[in-house]
Amino acid sequence: NNDFILEQIRSAMREVNADVLFLQEVLGDHNDKRCRIPDWETAIQFEYLADSVWPHFAYGKNAIYSEGHHGNAILSKFPIVDWSNRSISTNRFEQRGLLKAKVQIPQLEREIILANTHLDLTQSGRNQQAKIIIEDLKQESETPWMLLGDFNDWNKKISKRIENELNVKEAFKFLHGKYPATFPNFLPMLSLDRVFLNKMTPIQAIALKDGHWKKLSDHVPLYVEIEIAD
């Protein structure tokens, strides 16, 4: 039951209580999902998941179809002062985007950039998308930023390119010496998901693959704690 899973996901998200959350392939609207959950007055998944815990969110609409649309979302406890969604689609079958949100952290009196993406299944598509993302984030080199998402980078070619050309670190690899295995959920073997950091230091990086986590998505989620450089 989709609604039951959605409630489980929200409960699990509250349990972790992260400052920011990055979601891929989340429903922005879907006519068939409307009003199935009693206290859910909208069909917008990320608004239901954000609830009162993450009052600030950005949503990048990528795939549009007759029943509605879906895309990437960023949920934040900190104010989002600006955001953009750039299409990085390379074919008509996979609608992809780069969602960027500028977040203000009052305690630190500074802004950081959060970027969320989901790359193609084909190598040629990922190569084109990596080029766009690298050129985009090169312009943000002086600002601390995080780039997260499903890179479908099972052969690790794109990850090494991003690390080298942007001079950044992947959080899990930095701490554990290898990229995280995140797919499929029931027996994670392929390493598809990444957390790249610029002017940030990873303190902890965990693939949440035990208990209820393996039942909430076809990928296991990544949990990362970071320290922002002065």
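Residues numbered from 1 in each chain as written. Predicted model: local features only at pLDDT ≥ 70, side-chain atom pairs only at ≥ 80, totals over all residues. Heavy atoms only, no water.

Trainee: In this structure, what is going on with the nonpolar core? I would like to understand it.
Mentor: Nonpolar side chains in soluble globular proteins tend to be buried together. By size, the foremost hydrophobic cluster in this structure holds 18 residues, and its most contacted members are Ile112, Leu114 and Met146. Those elements that place two or more of their residues in this core are strand 1 (20–30), strand 5 (97–105), strand 6 (110–118), strand 7 (145–150) and strand 9 (193–198). Residue contributions to this core peak at four residues, all from strand 5. In contact with Leu114, not counting residues within four places along its chain, are Val20, Phe22, Ile74, Leu99, Lys100, Ala101, Val103 and Met146. With 17 residues, the next largest nonpolar core counts Leu119, Ile133, Trp145 and Ile162 among its residues. (Core = buried A, V, L, I, M, F, W, Y, C linked by side-chain atoms within 4.5 Å. Buried < 20%, exposed > 50% of the residue type's maximum accessible area, 1.4 Å probe, protein only. Helix = DSSP H or I, 4+ residues; strand = E, 2+ residues; numbered from the N terminus. Contact = heavy atoms within 4.5 Å.)

Trainee: How should I be thinking about the pattern of salt bridges in this particular structure?
Mentor: Opposite charge on two side chains permits pairing when their charged atoms draw close. Here the structure, examined in full by the defined rule, presents nine salt bridges. For Glu94, the salt bridge identified is with Arg96, shortest N-O distance 3.0 Å. In this structure, Glu94 and Arg96 share a single accessibility class: buried. A salt bridge links Glu135 to Lys131, with the nearest nitrogen and oxygen atoms 2.9 Å apart. Of the two residues, Glu135 and Lys131 are both situated in helix 3 (residues 123–138); the distance of four residues between them amounts to about one turn of the helix. According to the relative accessible area criterion, Glu135 is partly exposed, its value standing at 41%. A relative accessible area of 43% places Lys131 in the partly exposed class. A network of salt bridges, in which partner residues are shared, links Arg86, Lys100, Asp136 and Glu140. (Salt bridge = Lys/Arg side-chain N within 4 Å of Asp/Glu carboxyl O.)

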